[in-house]
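Now for the letters of each chain:
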Amino acid sequence: MNTLKLLHTADNISTWVGKAFAWLIVVLMVMVMGEVFKRYALNAPTAWIFEASNMLYGTAFMMCGAYTLSQDGHVRGDFFYGSAKPRTQASLDFVLYILFFIPGVIALTWAGWTYAGDAISIREMTNSADAIPLYPFKAVIPLTGFIVLMQGLAEIVRCVVCLKTGEWPARLKDANEIDVVEQQLSASIYVDEDAKRDAIERAKHIDEEAHQRGGHAMGENK
């Protein structure tokens, strides 16, 4: 298995997990809508809805973290990074992953394993009037740590490849805003072909500039 295939395997796992757990947002939306109806139309509020909504949102937030990392979608605060050359970016990423990311995620996974184990052993429940199980949510913590750690190791390999070649290895492409723009314009009957091409090109230009500012440049600044 070559390096790029290995990286894409990690990306695929993170993407699959992230998209699967993203459906929890739909579950959360339906649950909140039902609770609003019960509370205001039937005057029958549910005691455990607040804890349940927090657990669902927290689970979606944590389990989509590796997917966001695989798409290089986490927010960066360093304005220097976006205009730096790929090798400089890779050097910074490599050092930060080794010094901060890996120790932090290992600590999260280790502590989460103990935390979840204690909760499972006592079948921990919430503190609401109608208590619901809390231990399944706590079990998500070490699982999150494991998946994010896997993706983090893949990102370190990406840094090593970039340091050797001077270019970032390709990521698996996923749907983004520019794809939606192209789909909507291509289906429009109210915009002529020249205007469509011009709008798509301008959207791509804006998207590329945003990626550079956010640290998503993939090798054009050699």
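Our structure is the block above this text.
In this report, we go over the structure that sits alongside the text. As the structure is a prediction and not an experimental result, all values here were calculated from the model.

Here we take up the side chain of T46. Here T46 is to be found in the loop between α2 (24-40) and α3 (49-63). Within the local environment of T46, its side chain forms a polar contact with the side chain of E35, the two groups lying 2.8 Å apart. Among all residues touching T46, those that are not within four sequence positions of it are E35, K38 and R39.

A separate point is the side chain of E35. Looking at the secondary structure, you find E35 in helix α2. A relative accessible area of 7% means that E35 is categorised as buried. If we ignore the near neighbours within four places in the chain, the residues touching E35 are P45, T46 and I49.

Here we take up the pattern of salt bridges. Under the defined criterion, the tally for this structure stands at 5 salt bridges. For the salt bridge of D11 with R158, the shortest nitrogen-to-oxygen distance reads 2.4 Å. Highlighted residues: D11 in helix α1 (residues 3-22) and R158 in helix α7 (residues 135-165), separated in sequence by 147 residues. Judged by relative accessible area, R158 falls into the buried class, the value being 1%. Note that R171 and E155 form a salt bridge whose closest N and O atoms lie 2.8 Å from each other. Highlighted residues: R171 in the loop between α7 and α8 (177-186) and E155 in helix α7, separated in sequence by 16 residues. A relative accessible area of 3% means that E155 is categorised as buried.

Conventions adopted
Within every chain, residues take consecutive numbers counted from 1 along the sequence as written. Per-residue local features are limited, in this predicted model, to residues with pLDDT of at least 70; the limit for side-chain atom pairs, both in listing and counting, is 80 or more; totals at the level of whole chains, interfaces and linings are taken over all residues. Side-chain numbers here rest on the full set of heavy atoms in the structure, without hydrogens or water. In this text, helices come from DSSP runs of H or I with a minimum length of four residues, and strands from runs of E with a minimum of two, each type numbered from the N-terminal end. In the analysis that follows, any N or O atom pair within 3.5 Å is treated as a polar contact, provided that within protein one partner can donate a hydrogen and the other can accept it, and provided that, for residues neighboring in sequence, both atoms belong to side chains. Any two residues having at least one pair of non-hydrogen atoms within 4.5 Å are treated as being in contact. Buried residues are those whose accessible area, probed at 1.4 Å on protein chains only, stays under 20% of the maximum for their type, while exposed residues exceed 50% and partly exposed ones sit between those limits. When a carboxyl oxygen of Asp or Glu is within 4 Å of a side-chain nitrogen of Lys or Arg, the pair counts as a salt bridge.

Read these as layout, nothing more, since geometry by itself doesn't imply function.
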